[in-house]
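Commentary on secondary and tertiary structure
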Amino acid sequence: MSRMGWKTNGLAYTVMKSERGLRGGIHWKDNMIAYAFLGPALLVLSMFLVIPAIMAVYYAFTDYYLLTPDMRKFVGLDNFFNLFKDPIFLKSLLNTLKFVVCVIPLQVGAALGMALLLNKQRRANTFFKVAYFSPVVMSLVVISVLWLYLLNPNEGIINNALRNIGISAQPFLTSPKQAIFTIVVVSAWQGAGFQMLIFLAGLQNIPVDVYEAAQMDGMNKWHRFIYITLPLLKPTSVFIFITTLIGAFKLLVQPMVMTQGGPMNSTMTVVYYIYQTGFTDRMVGYASSMALLFGTIIGIVTVAQRKLVKEDDD
Amino acid sequence: MQKKFRPLTILEYVCLVMLAILFIFPLFWMVASSMKPEAEVYNNMNTFKAFLPSFHISEWFVSYGQVLSRFHLIGYIGNSLFYGGCVAIGSIIINGMAGYAFAKLKFSGKKWLFGILLALLIVPFETILISQFTIIHKLGLVDTRLAVILPALAGAFNIYLFRNFFMAIPESVIESAKLDGADNWQIFWRIMLPMSKPAVATVGTLAFIGSWNDYIWPLMVLTDKSKFPIQVAITAINSTDPVYINQVMAVLTISTIPLILIYIVAQRYILEGLGGSGTGIK
């Protein structure tokens, strides 16, 4: 490992310490050392997070087109007015909301159910845990491509199984009515295992003696669930609910790989539309206004979540 | 002890097993389909044979051989390993250093900077994709490997995670190292990092997995196929005619294997790393 120039030895350090004691401030050498340690991270973060975020805010009010950067001009709120006249944006907003509203109960419900089933001493639990968690291990691209084949309208295993129980083949990803819900199910299937683990940790944090005391008082199983498990699980539930919400808002890879936003824009999501207008169509200004609007919403939800989780901690 | 076969217990097991099937059958189908001739993939759908590899062992790896010779898969996997390795090592060093500064060093503007850092946790990566791309474009880094690696090197969450771990290391350890003549770099490298193995493992693993699974960003910044990571290659292979299902399944399987290995090895550390230190997940 290369030694850097800002090394201090023990003696210098004690001297510095006494100097600082006299002045009460922070020695410039302390600052230099600290900022040398912070340097690489600050550089990367400002380059690829802070500056892009500021740029996105600025671009949102311009008509920046990537191929003619010199012609960009300030257009005020025009982009935002146009957004709400843009049928594809409105559709993508509606699709995103549909996705969010459907995926949360399905995924969180499944995760809670699985965690409750597993919250019991059982030798086979490790196997079940691994099984439920296995889709989490696969990448979004892999699960998207895999389900593309599983859901094949003619030969896919899902339609084959449906035919066996007397249901005609479904055009899961090729029907404008079904596609977004198919993506809901696949996404919930992929993510539920991860949330199950968090729920399980939450369940196991509930002290056993609380249950024992309740049982002594003659509470039945159902009441113990309603009056003990659910309230004590609230911090975990809030955390999971809101992280699912934020994650759902950002839906992008599954529709991109499985349906390319189709059919008839029925699986176009907001983030996918940002990507398309900004990257494919190169309308950076317009895409940035969408990103700003959407980023603000997600930001507010994130802050609300932090506040809620913190309050529960106190 | 309760009796073993009460109706409720049986019902529980039925639920557990049904759910397990629901969650793992695609994985089994993927692996089995990769190990048989294409014509057989959609045969025998109504029997268990759909989930079994070919009965002739000689056919098991034929699709793997074919797809390896048709596409430069080794190269794509090599790219992914390279990106993932750089991002993992870089993340540990860069975020660790910043975490050390926030946890153990005194400097002007610390509170202020830390506040900004926490605020950065809120910025959703997905919404600044486009302006991130314009930065890469302006830096002249489009279609370079650096464009894939650089933005992933520092993360506010990872810095925060390291800081929390380092905070727990007693000041006295540092004081005595200083008396022995160690400088800050040595303290960071020889004491802080080795004493925070769960944090190192967590950040390293999550950074590697994140990089291995990343799709959108490399898709945007790369045009040269020889630089593609495996995830981008998958969608390219899946749309390059002729598409053979068994070969696609082989690619999917290959790209999943490293992740399974990582989860097996690092699982314990990750739970310790994420659960232990006030990251919000309890």
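Throughout this document, residue positions are counted from 1 along each chain, in the order its sequence is written. Labels follow written order: the first chain is A, the first ligand is 1, and so on. Only residues with pLDDT of at least 70 are given local features in this predicted model, and only at 80 or more are side-chain atom pairs given and counted; all residues enter the totals for whole chains, interfaces and linings. Processing note: side-chain calculations cover all non-hydrogen atoms of the structure and skip hydrogens and water entirely.

In the annotation of an unreviewed UniProt entry, chain B is listed under the name ABC transporter permease and assigned to Peribacillus muralis. UniProt positions are given in the numbering used here, feature names are shortened, and annotations may be inferred rather than shown by experiment. For chain B, the Subcellular location (unreviewed entry) comment in UniProt is given as "Cell membrane". Looking at chain B in UniProt, the text filed under Sequence similarities (unreviewed entry) is "Belongs to the binding-protein-dependent transport system permease family."

Okay, unusual backbone geometry next. Note the cis peptide between G262 of chain A and P263 of chain A, where omega equals -10 degrees. Across the junction of D241 of chain B and P242 of chain B, the peptide omega takes the value -5 degrees, indicating a cis bond. Think of it this way: any DSSP run of H or I at least four residues long counts as a helix, any run of E at least two long counts as a strand, and we number them from the N terminus. Following the sequence through the fold, P242 of chain B ends up in the loop between α13 (230-237) and α14 (245-275). Positive phi values are uncommon outside glycine, yet N265 of chain A reaches one of about 60 degrees. Topologically, N265 of chain A is positioned in the loop between α12 (253-258) and α13 (270-280). Non-glycine residue R282 of chain A carries a positive phi angle of around 65 degrees. When you line up the elements, R282 of chain A lands in the loop between α13 and α14 (284-313).

Right, let's talk about helix α10 (residues 184-195) of chain B for a bit. An α-helix turns once every 3.6 residues. As a result, residues three or four positions apart point the same way. Among the residues of α10 of chain B, those classed as buried are N184, W185, Q186, I187, F188, I191, M192 and L193 of chain B. The N-cap of α10 of chain B, judged by a side-chain oxygen 3.0 Å from the amide nitrogen of W185 of chain B a few residues on, is D183 of chain B. Categorising residues by exposure relies on relative accessible area from a 1.4 Å probe, with only protein chains included: less than 20% of the type maximum marks a residue as buried, more than 50% marks it as exposed, and the intermediate range marks it as partly exposed. For the purposes of these results, a polar contact is taken to be a pair of N or O atoms within 3.5 Å, where, inside protein, one atom must be able to donate a hydrogen and its partner to accept one; residues adjacent in sequence count only when each atom of the pair is a side-chain atom.

Attention now moves to the side chain of T302 of chain A. As for its position among the elements, T302 of chain A is in helix α14. Exposure remark for T302 of chain A: the relative accessible area of 6% places this residue in the buried category. Contacts: residue pairs with any heavy atoms within 4.5 Å of one another. In contact with T302 of chain A, not counting residues within four places along its chain, are I246 of chain A together with I122 of chain B.

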